[in-house]
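Below, each chain spelled out in residue letters.
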Amino acid sequence: MNSALNKQVHQVTKVFTDLSWHEISQHIFSRLLLIMATILLFFILLWLGRLIIDHLFAESNHVKFLKSSNRIATIHALTLNIYRYTCYFFLLYAILSEIGVPVGTLIAGAGIFSIALGLGAQGFVSDMVTGFFILLEQQLDVGDVVEVDSIKGTVTALGLRTTQITSSDGTLNYIPNRNITTVQNFSRNNMVANVDIRISAKAPLEKITNIISEENKKLVVNIPELRSTPIIVGPVNVGGQLVFRVTITTQNGAQDKIASQFLSDYLKALRKDNIPLGWDSNPITHQQN
C-alpha cells in the first residue's frame, strides 16, 4: 500500500514538474493585458459615445421635431442609457470570449431572452417592457412634476429599467418601471388653485368682492403665468370655517407661487380697509386642485 501511495505521489509530482510554468504565466499575463486593453477601449468608446450624443442633442436644429424641452431631455437620457447598456453587453461578451467561455454557443443554443429568463431576470425584462410603453405613450418626461403611488416630485431621469424622481426635500427615489401603475402628472395641463381667505361672519361680503376685483385687475396685468381671469366664487364653508374663495388658473408649476402672491395682496388690501378676518393669527390658506 505504501509503494502504491508513493507511486501516485510521484506521478502527481511529475505532472506538476513537467508543466511549463513559464508558458502558463506568459499566457495568463497576455490574457490579463488583453482584458485590460479591452476595458480601456470600452471606456474610450463610452466617453466618445456620450460626447457625440451630447453634441447631437445640444444642436437644437436636430431635435426640433420633439418640440418640448422636457421631451428632448427624456430622449437624451434614454439614448445615453441604451448606448451604455449596449457597451456593457459587448464588454461582457468580449471578456468572456477572451477567457475562453463559449458565449456564442450559449447564445445560439438558448437565445438571449432564454438566458435572461434562466438567470432570473424576469423582473428586468418587465422593467424594460414597461419603460418602453411609458416612453412610447409619453406618460412622463424629464422635468415633469408627478406623483407615482405615494411619491411626489420632479422626474430627473427616465431609463429602461428605473425612473428617478426627486422629492421636494431633495430625496432621490429610484422606482422600478414595473412598479409604476398609477401616474399623476402635474406638468401637462394648466393648474387650478383655490385662494381661500378666512373671514368673519360679520364681514361685508359686497365690500370684499369689490376689493378683490380691484386687486385682480392689478395682478392680472403683472402675472403672465395666469391662463384666465380669476373667478370670484364668494363665501364657502371649508371644514366648518367661513372662507371667501377665489379660483385662479395658471401655467403648470407656477400655481403655488402665484396663489401665494394673490393671498398676500388680498390680505394687505382687506386689512387696509379694516375687513374683519377669521382666526387673525392664521387667517389665510390656499388649496390646490
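Conventions used here
- Residues numbered from 1 in each chain as written.
- Predicted model: local features only at pLDDT ≥ 70, side-chain atom pairs only at ≥ 80, totals over all residues.
- Heavy atoms only, no water.
- Buried < 20%, exposed > 50% of the residue type's maximum accessible area, 1.4 Å probe, protein only.
- Helix = DSSP H or I, 4+ residues; strand = E, 2+ residues; numbered from the N terminus.
- Pairing = 2+ DSSP bridges.
- Patch = residues over 30% accessible without salt bridge, like charges linked within 9 Å, V, L, I, M, F, W, Y side chains within 5 Å.
- Areas by Shrake-Rupley, 256 points an atom, 1.4 Å probe, with all protein chains shown as cover.
- Salt bridge = Lys/Arg side-chain N within 4 Å of Asp/Glu carboxyl O.
- Core = buried A, V, L, I, M, F, W, Y, C linked by side-chain atoms within 4.5 Å.
- Contact = heavy atoms within 4.5 Å.
- Axes fitted to C-alpha atoms, helices over the stretch in contact; angles between N-to-C directions.
- Expected span 1.5 Å × (residues − 1).
- Phe/Tyr/Trp six-rings, centres within 6.5 Å; stacked < 30°, edge-to-face > 60°.
- Lys NZ or Arg CZ within 6 Å of the ring centre and 35° of its normal.
- Parallel < 35°, antiparallel > 145°, perpendicular 65-115°, else oblique.
- Left-handed = near helix turned anticlockwise from the far one by under 90°.

J.: When you look at the pairing of strand β6 (residues 191-198) in this model, what are you seeing that I'm missing?
T.: The side chains of a regular strand alternate between both faces of the sheet. Counting buried residues in β6 gives seven out of eight residues, a clear majority hidden from the surface. Sheet topology note: the β6/strand β8 (residues 241-250) ladder contains eight bridges and is antiparallel. Bridge pairing links aspartate 196 to arginine 245 in β8.

J.: How do you make sense of a nonpolar patch on the surface when you look at a structure like this?
T.: A contiguous nonpolar surface patch, about 510 Å² in accessible area, is contributed by Leu40, Ile44, Trp47, Leu48 and Leu51. Following the sequence through the fold, isoleucine 44 ends up in helix α2 (residues 21-58).

J.: Help me understand the pattern of salt bridges, please; the structure alone is not making it clear to me.
T.: Side-chain pairs of opposite charge can arise where the charged atoms are in close proximity. For the structure on display, the rule yields three salt bridges. Two residues, lysine 218 and glutamate 215, come together in a salt bridge whose shortest N-O distance is 3.7 Å. Taken together, the residues span about one helical turn, with lysine 218 and glutamate 215 both in helix α7 (residues 205-222) at a distance of three residues.

J.: Which parts of the structure should I look at to understand the nonpolar core?
T.: Val195, Ile208, Ile248, Phe262 and Tyr266 are the most contacted members of the largest nonpolar core, which totals 25 residues. Going through the elements one at a time, β6, α7, β8 and α8 (255-272) are the ones with two or more residues in this core. Here this core gets eight residues from one element, more than from any other, and that element is α8. Not counting residues within four places of it along the chain, the set of residues in contact with tyrosine 266 comprises Val195, Ile197, Ile212, Glu215, Asn216, Leu219 and Val246. Within the second largest apolar cluster, twelve residues are counted, among which are Leu140, Leu158, Ile165 and Ile175.

J.: Even after reading the chapter, I still don't get unusual backbone geometry, so can you show me in this structure?
T.: When glycine is set aside, most residues are seen to have a negative phi, and most peptide bonds are trans. Residues other than glycine seldom take positive phi values, yet aspartate 149 does so here, at roughly 55 degrees. Secondary-structure assignment places aspartate 149 in the loop between β1 (145-148) and β2 (151-158). In this structure aspartate 149 comes out as partly exposed when scored by relative accessible area, which is 46%. Residues other than glycine seldom take positive phi values, yet asparagine 274 does so here, at roughly 60 degrees. With respect to the helices and strands, the residue asparagine 274 is situated in the loop between α8 and β9 (284-288).

J.: I would appreciate a short explanation of the sheet that holds strand β5 (residues 183-185) in the present structure.
T.: A sheet is described by the order of its strands in space; here five strands give the open sequence β4-β3-β2-β1-β5, paired in antiparallel fashion. In this open sheet, the two edge strands, each paired with only one partner strand, are β4 (172-176) and β5. Taken over all neighbouring pairs, the strand axes of this sheet differ in orientation by 40 degrees on average, direction set aside.

J.: Is there a simple way to think about α7 in this case?
T.: Side chains of residues three or four places apart in an α-helix project in the same direction, reflecting 3.6 residues per turn. End to end, α7 covers 26 Å across 18 residues, agreeing with the expected 26 Å (1.5 Å per residue, within 8%). On its buried face, α7 is in contact with β6, β7 (231-238), β8 and α8.

J.: Looking at this structure, I do not really get the environment of leucine 242. What am I missing?
T.: Checked against the element boundaries, leucine 242 lands in strand β8. The class of leucine 242 is partly exposed, set by a relative accessible area of 29%. For the pair leucine 242 and aspartate 196, spaced 46 residues apart in sequence, the C-alpha separation works out to 9.2 Å. When near neighbours in sequence (up to four residues on either side) are disregarded, leucine 242 contacts Ile197, Arg198, Ile199, Ser200, Ala201, Pro235 and Val236.

J.: Would you mind showing me how to read the packing of aromatic side chains here?
T.: The geometry of an aromatic ring pair comes down to the distance between the two centres and the angle between the two planes. Enumeration according to the criterion identifies four aromatic pairs in this entry. Here the aromatic rings of phenylalanine 42 and phenylalanine 43 are separated by 5.1 Å at their centres, their planes lie at 65 degrees, and the arrangement is edge-to-face. For the pair phenylalanine 262 and tyrosine 266, a centre-to-centre distance of 5.7 Å together with 75 degrees between the ring planes defines the contact as edge-to-face. With a gap of four residues between them, phenylalanine 262 and tyrosine 266 both fall in helix α8, about one helical turn apart. Judged on exposure class, the residue phenylalanine 262 and its partner tyrosine 266 are both buried. Its end group placed over the ring of phenylalanine 186, lysine 152 keeps NZ or CZ at 4.4 Å from the ring centre.

J.: Sorry if this is basic, but what is going on with the packing of α7 against α8 here?
T.: In a packed pair of helices, the relevant descriptors are the angle between the two axes and the axis-to-axis distance. Interhelical geometry of α7 versus α8 gives an angle of 135 degrees and a closest axis separation of 10 Å. When the axis of α7 is compared with that of α8, the two are oblique. α7 and α8 meet at a crossing whose hand is right-handed. Facing α7, whose interface residues are Ile208, Ile211, Ile212, Glu215, Asn216 and Leu219, α8 presents Gln261, Phe262, Asp265, Tyr266, Ala269 and Leu270.

J.: Looking at this structure, I do not really get α8. What am I missing?
T.: Its 18 residues place the ends of α8 26 Å apart at the C-alpha level, agreeing with the 26 Å of an ideal helix rising 1.5 Å per residue. Every buried residue of α8 is accounted for by Gln255, Ile258, Ala259, Phe262, Leu263, Tyr266, Leu267, Ala269 and Leu270. One or two steps after α8, the chain reaches asparagine 274, where phi turns positive at roughly 60 degrees.

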